Amino acid sequence: MSPRAPAMNPTKRREVLVDVTLRLLREHGRDVTTKQIAEAAGIAEGTIFRVVDTKDELLAAAVARAFEPGDLVARIEEIDASLPLEERLLALVSIMQQRFRATFSLMQKVGMIRPPDHLHDSPGAVEWRARLELLLTGVVAPDADRLACPVDHLVHVLRLLTFAGSHEHIADGRFLTPEQIVSTVLHGLLRPSSITKETTTC
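Residues numbered from 1 in each chain as written. Predicted model: local features only at pLDDT ≥ 70, side-chain atom pairs only at ≥ 80, totals over all residues. Heavy atoms only, no water.

(A) How the structure looks around the overall build of the protein chain. What the protein chain contains, in helices and strands, is 10 helices and zero strands. Overall, the protein chain shows an N-to-C arrangement of helices and strands of α-α-α-α-α-α-α-α-α-α. For the protein chain, whose C-alpha radius of gyration is 21 Å, the value lies well above the compact-globule estimate of 17 Å for 202 residues. On the principal axes, the C-alpha backbone points of the protein chain span a range of 70 × 35 × 30 Å. Here the protein chain holds 202 residues, and the buried ones make up 36% of them. Sequence separation of 24 or more characterises 66% of the internal contacts of the protein chain that already satisfy a separation of 6 or more. (Helix = DSSP H or I, 4+ residues; strand = E, 2+ residues; numbered from the N terminus. Rg over C-alpha atoms; globule rule 2.2 N^0.38 Å. Buried < 20%, exposed > 50% of the residue type's maximum accessible area, 1.4 Å probe, protein only. Contact = heavy atoms within 4.5 Å.)

(B) The nonpolar core, seen in detail. In this structure, Ile76, Leu92, Val140 and Leu158 are the most contacted members of the largest nonpolar core, which totals 28 residues. Considering each element in turn, this core owes the most residues, eight residues, to helix α6 (residues 85–110). In this structure Val140 touches Leu85, Arg88, Leu89, Leu147, Val151, Leu154 and Val155, once residues within four positions along its chain are discounted. One finds Val20, Leu24, Ala41 and Leu119 within the second-largest nonpolar core, a separate group that totals 25 residues. (Core = buried A, V, L, I, M, F, W, Y, C linked by side-chain atoms within 4.5 Å.)

(C) Inspection of the packing of helix α1 (residues 10–28) against helix α4 (residues 55–66) at higher detail. Between α1 and α4, whose axes approach to 8 Å, the crossing angle comes to 80 degrees. By the angle class used here, α1 and α4 are roughly perpendicular. Contacts between α1 and α4 involve Arg14, Glu15, Leu17, Val18, Asp19, Thr21, Leu22, Leu25 and Arg26 from the former and Glu57, Leu58, Leu59, Ala61, Ala62, Val63, Arg65 and Ala66 from the latter. Its residues assigned to classes, the contact of α1 with α4 shows 10 nonpolar, one polar and six charged. (Axes fitted to C-alpha atoms, helices over the stretch in contact; angles between N-to-C directions. Parallel < 35°, antiparallel > 145°, perpendicular 65-115°, else oblique. Nonpolar A, V, L, I, M, F, W, Y, C, P; charged D, E, K, R; others polar.)

(D) Just helix α2 (residues 34–41), in detail. Here α2 has its buried residues at Thr34, Ile37, Ala38 and Ala41. All buried residues of α2 lie within an arc of 95 degrees about the axis, which places them on one face of the element. Buried residues belonging to α2 abut α1, α3 (45–48) and α4. Two residues or fewer past α2, Gly42 is found with a positive phi of approximately 75 degrees. (Arc of directions from axis to C-beta.)

Written out as structure tokens, the structure is:
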């Protein structure tokens, strides 16, 4: 038997339960039981229903948590602006790819083909995407004068390729590595001897 969790107020308890449920959803999908959730949280099963009315409410909150920024902002902000452009992009793609794969895996587990509309189109989600765009362009901006296209276009192409190359079905199971993605965006698929310009063409 798991050790019992310490007493906490309902708001904190709900936050803990949502985190635990999200972790178990990634493993079991919607078949996860309240008994499994309670055991993982170290509480009695009945305690769950002191903070949520139904299991579905808890599952919905866990799915919503998965689409929150989480530590993504901090991880992107930690990218060293003094690194060469290619190294910064490799770090950025690695972060985005981990996020995409975790999201795709969860969606597959719970039978979703796209994010719920109320999450994707909410004012908070729109605001978050705008902030993410600023973060991403900020990673590239120090080398803007080296690019043959606007920074936001390079970021757009980078995100599209990372998204497609990280999705099992879109990529036909042939995932792209961060190195492949960054090299394709910066240098295309020409042999090195065929590249005549150092600037990126978009």
